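As a plain string of letters, each chain reads:
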Amino acid sequence: MGCCFSSDEDKVETNIQNPNERTPLLYPQPGEQQNQGGRSGPIYSQQNQTGDEQSEFTRILRQTAINVIDVTSTESHNIEQGDMQDRATQYSNRLNMVLQGSGKSRVYRPNLPTGITSPQMTLAAAPISISDVQLITSVSEKLANAAREIKIQHKESLVVTFGVP
Amino acid sequence: MTEELKTYLLKLMGTVEGLHAIAITDRDGVVIVKVTGQMAPDPALRPPFLSVFGVMAEQASKMGIGSNKRIINYYSTYQTVQVNHHPLLLHFIADKNANTGLILELENELADVLKEINKVVGMM
Amino acid sequence: MSLMCTSSGLLFRLRIRHSDNTKLKSLLNSEGSLLAFSGFPDKDASAAGAIASNIWTSFQKSGQYSLDDGKLNCVLVECKLGKIAITKVANLLLCLCAKETVSYGMLKTKIEAMAAYLEEPLSQVASS
């Protein structure tokens, strides 16, 4: 895959064939950027020192790239199978590193339900009454039934015949 | 260390009946960590499937109703719940009858884990 | 003899109960062209329709390959400012847009009800 930082004019055509989220959106060639499927999320803008005109220009380019809706790229073909593998391996190494780096062998525990500040109190309390359980069950059943019965009232025919020969 | 994380994810997965797999990937669908049950459809945990959500989340963000947060798909046998947790994507693959609300709730349970995994992608 | 949908009837149906936070309802053909929509006039309706159709098609395809040839029944999309539900009716796509406060369950139930209601008339039109 090409690198768009290249200043080689001839390569630009081929570079934009495979845009990915790291392809710079700021290449100063207006027509060239139309195919960009710019990913949402933070756009990393290049530091631009060459003045207002230039920065305005890049802003417009970036906006255009954001506005373009590329419906052709349903899958990211940008990444080669091998690159994928490499990246997955890298991730798993880094994950190990990060988890180790976070110190103290962490034991992950599911969080307590919100609203329970002192579990011992909740656990020591008397179990809820059977009538409450029944109430919950019957109400949820009724709700489920009601949801199943949501349908549209028929008022008039939607289809009419026309153009009788 | 990764094993501990996987054990935790498996434990979470067990709390929702019918949930077959949890995968955490980057925006291109490259797997960072995943756990699967016996019933999980294997191809759905590979990049060709996982990468679609990243592209679709990006497109959905252009519908004029703000940035995309989640996409839920109901298929004839499975449902997928996919969450855009920038820069990570969460994928849950479950039986079509599984409780979608419970699956969505897992995102909160995963908050701590996601903070750490964020660092992994941040390094790239 | 030809059949056609009375557009007023259809739009009337699409407009049902707009009190419910569901802002916009639209019918698309499989290429994403807007056939009918009701709701607040909005220039984004056609663009959003095209995107919705593309989302549907992509997930349908990927599901076919990766989820045991699974047929796609319903898609729910949640964005920061709203939710969208998409489903198939006859050979068309039905798309509901709702505020972000509408719950997933209600949105899904409503789109299913609408799809069931529109299935017969729209298949009639499609097959004629």
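All values derive from a computational prediction rather than experimental measurement.

Helix and strand content of chain A: 5 helices and 1 strand. Going residue by residue from the N terminus, the α and β elements of chain A occur as α-α-α-α-α-β. The buried share of chain A, reckoned over its 165 residues, is 22%. A fraction of 40% describes how many contacts in chain A between residues 6 or more apart in sequence connect residues 24 or more apart. For chain A, the exposed surface amounts to about 12100 Å²; the carbon and sulfur share of it is 53%.

This brings us to the pattern of salt bridges. In total, this model carries 9 salt bridges over all chains according to the counting rule given. A salt bridge links Arg87 of chain A to Asp26 of chain B, with the shortest nitrogen-to-oxygen separation between them at 2.5 Å. On the criterion of chain membership, the pair formed by Arg87 of chain A in helix 3 (residues 81-101) and Asp26 of chain B in the loop between strand 1 (19-25) and strand 2 (31-36) is interchain, its members lying in two chains. For the pair Arg87 of chain A and Asp26 of chain B, one class covers both residues: buried. Lys108 of chain C serves as the salt-bridge partner of Glu112 of chain C, at 3.1 Å between the closest nitrogen and oxygen. One end of the pair, Glu112 of chain C, and the other, Lys108 of chain C, are both in helix 3 (residues 104-127), 4 residues apart, so they sit about a helical turn from each other.

Attention shifts here to the packing of aromatic side chains. The tally for this structure, following the rule as stated, stands at 0 aromatic pairs over all chains. The ring of Tyr74 of chain B carries Lys108 of chain C above its face, with NZ or CZ at 4.2 Å from the centroid.

A separate point is the nonpolar core. Core analysis: the biggest nonpolar cluster contains 56 residues, and Leu19, Phe92 and Ile117 of chain B have the highest contact counts within it. It is helix 3 of chain C that provides the largest number of residues to this core, a total of 8 residues. Non-local contacts of Leu19 of chain B, meaning those with residues more than four positions away in its chain, are made with Met13, Phe92, Ile93, Ala94, Ile103 and Leu106 of chain B. By size, the runner-up hydrophobic cluster in this structure holds 37 residues, among which are Phe49 and Met56 of chain B together with Ile55 and Val77 of chain C.

As a further point, take the packing of helix 2 (residues 47-60) of chain B against helix 2 (residues 45-66) of chain C. One can describe the packing of helix 2 of chain B onto helix 2 of chain C by two numbers: an axis separation of 10 Å at closest approach and a directional angle of 175°. By the angle between their directions, the pair helix 2 of chain B and helix 2 of chain C is classed as roughly antiparallel. Facing Phe49, Val52, Phe53, Met56, Gln59 and Ala60 of chain B of helix 2 of chain B, the residues of helix 2 of chain C in contact are Ile51, Asn54, Ile55, Ser58, Phe59, Ser62, Gly63 and Ser66 of chain C. A per-class count over the contact of helix 2 of chain B with helix 2 of chain C returns 8 nonpolar, 6 polar and no charged.

With that settled, consider the environment of Gln124 of chain C. Within the secondary structure layout, Gln124 of chain C lies in helix 3. Along the backbone, Gln124 of chain C and Ala90 of chain C are 34 residues apart, and their C-alpha atoms lie at a distance of 8.8 Å.

Thresholds, definitions, all that
Chains are numbered independently. Their residues run from 1 in the order of the written sequence. Whichever chain is written first is A, and whichever ligand is written first is 1; the rest continue in order. Local features are withheld for residues below a pLDDT of 70 in this predicted model, meaning they are given only at 70 or higher, and side-chain atom pairs are given and counted only at 80 or more; totals for whole chains, interfaces and linings count all residues. With hydrogens and water stripped out, all remaining heavy atoms of the structure feed into the side-chain values. In this description a helix means any DSSP run of H or I spanning at least four residues, a strand means any run of E spanning at least two, and both kinds are numbered starting from the N terminus. Note on exposure labels: buried denotes an accessible area under 20% of the residue type's maximum, exposed denotes more than 50%, and partly exposed covers the range between, all computed with a 1.4 Å probe on protein chains only. We call two residues in contact when some of their heavy atoms are within 4.5 Å. Methods summary: accessible areas were calculated by the Shrake-Rupley approach with a probe of 1.4 Å, and residue burial reflects only the protein chains presented. We define a salt bridge as a side-chain nitrogen of Lys or Arg found within 4 Å of a carboxyl oxygen belonging to Asp or Glu. When the centres of two rings from Phe, Tyr and Trp lie within 6.5 Å, Trp using its six-membered ring, the rings pair. Their planes under 30 degrees apart give stacked, over 60 give edge-to-face, and anything left gives tilted. Comment: the charge-over-ring label is applied if NZ (Lys) or CZ (Arg) is within 6 Å of the ring centre and within 35 degrees of the ring normal. Throughout this description, the term nonpolar core refers to a set of buried Ala, Val, Leu, Ile, Met, Phe, Trp, Tyr and Cys residues connected via side-chain atoms within 4.5 Å. Only the stretch in contact is used when a helix axis is fitted, and all axes are lines through C-alpha atoms; the angle between N-to-C directions ranges over 0 to 180 degrees. Angles are sorted into four bins: roughly parallel if under 35 degrees, roughly antiparallel if over 145, roughly perpendicular if 65 to 115, and oblique for all others. All residues other than Ala, Val, Leu, Ile, Met, Phe, Trp, Tyr, Cys, Pro, Asp, Glu, Lys and Arg, Gly among them, are scored as polar; the first ten of these are nonpolar and the last four charged.

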